[in-house]
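Summary of the model geometry
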Amino acid sequence: NPFVESIYIIDTTGEIITSTVLNEKGSNIQANNVVFDPEDRSPKYIKIHSNPEGTRVISLTTPFIKKSNSKILGFLVVDINTSAIKSLVEGNLYTSQSIANSKPTELTENYVIDENGNVLTNLSQATKTPLTQTQPYISCKQNQPQKTSYWKNYADIEVYGTYECNQFDDLKLVFVTE
């Protein structure tokens, strides 16, 4: 997405567990000027601020809540660059239809798989191969926590990507970028 600068998951202390930005894992989100309330269960829009790279962004946060005891496990944070606001105001924000009709030479797809092989995000293509039969899922089951390589994805297309296995209490997730 041309408007997303970064996506990361934090625990309830603000420590970055995984991120689309290199070398942010382990640092605290408050260093990125993002303030959050570990007890607040509602999604939040946070004011415009500068990220560590100096880009002006708006952070959106939403909690991960464990169903069995309603405990907050952490938060998903998405930094949207301010050009999204400018485009919205100017009336030229891209729609999913216009993006779908474009012919990019390179696509990036990010998705999350749970421990049962269920996809927790939208996929851009029809699933031809069960996610439980893809390299990222199988590798996480075999305790290979992260890797960057080539593999056939869920649409049976050879892709180059990276994945990372994470666990929040008893919730196990695989984060995939292709």
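Note: the structure precedes this text.
Once a new chain begins, its residue numbering starts again from 1 and follows that chain's sequence as written. pLDDT decides what is reported in this predicted model: residues at 70 or higher carry local features, side-chain atom pairs at 80 or more are listed and counted, and totals for whole chains, interfaces and linings draw on all residues regardless. Only hydrogens and water are set aside when side-chain values are computed; all heavy atoms of the structure are taken into account.

1. What about the packing of aromatic side chains?
Heads up, the condition is: The pairing test for Phe, Tyr and Trp rings, Trp by its six-membered ring, is centres within 6.5 Å, and the orientation test on the planes gives stacked under 30 degrees, edge-to-face over 60, and tilted for anything in between. In DSSP terms, a helix is any run of H or I states spanning at least four residues, a strand is any run of E spanning at least two, and both are numbered starting from the N terminus. Between buried and exposed lies partly exposed: a residue is buried under 20% and exposed over 50% of the maximum accessible area for its type, with that area taken using a 1.4 Å probe on protein chains only.
In this structure the tally under the stated criterion is three aromatic pairs. Look at Y111 and Y154: their rings are 5.5 Å apart centre to centre, the planes differ by 90 degrees, and that puts the pair in the edge-to-face class. Taken together, the residues Y111 in strand β6 (residues 110–114) and Y154 in the loop between β7 (146–152) and β8 (158–168) connect sequence positions 43 residues apart. With respect to class, Y111 is no different from Y154; both count as buried.

2. Re unusual backbone geometry
Although it is not a glycine, N143 adopts a positive phi angle of roughly 60 degrees. As for its placement among the helices and strands, N143 is situated in the loop between α3 (135–141) and β7. Exposure remark for N143: the relative accessible area of 69% places this residue in the exposed category. Of note, D156 is a non-glycine position whose phi angle comes to about 65 degrees, a positive value. Residue placement: D156 occurs in the loop between β7 and β8.

3. Description of the nonpolar core
Rules: For our purposes a nonpolar core is just a set of buried Ala, Val, Leu, Ile, Met, Phe, Trp, Tyr and Cys residues, chained together by side-chain atoms within 4.5 Å. The criterion used for residue contact is that any of the two residues' heavy atoms lie within 4.5 Å.
Y111, I113, L131, Y137, C140, W151, Y154, A155, V159, Y163, V174 and V176 form the largest nonpolar core, which has 12 residues in total. Those elements that place two or more of their residues in this core are β6, α3, β8 and β9 (171–177). Look past the residues within four positions of C140 in its chain and what remains in contact with it is Y163, C165 and V174. In this structure, I16, I29, I72 and V77 belong to the second largest nonpolar core, which totals seven residues.

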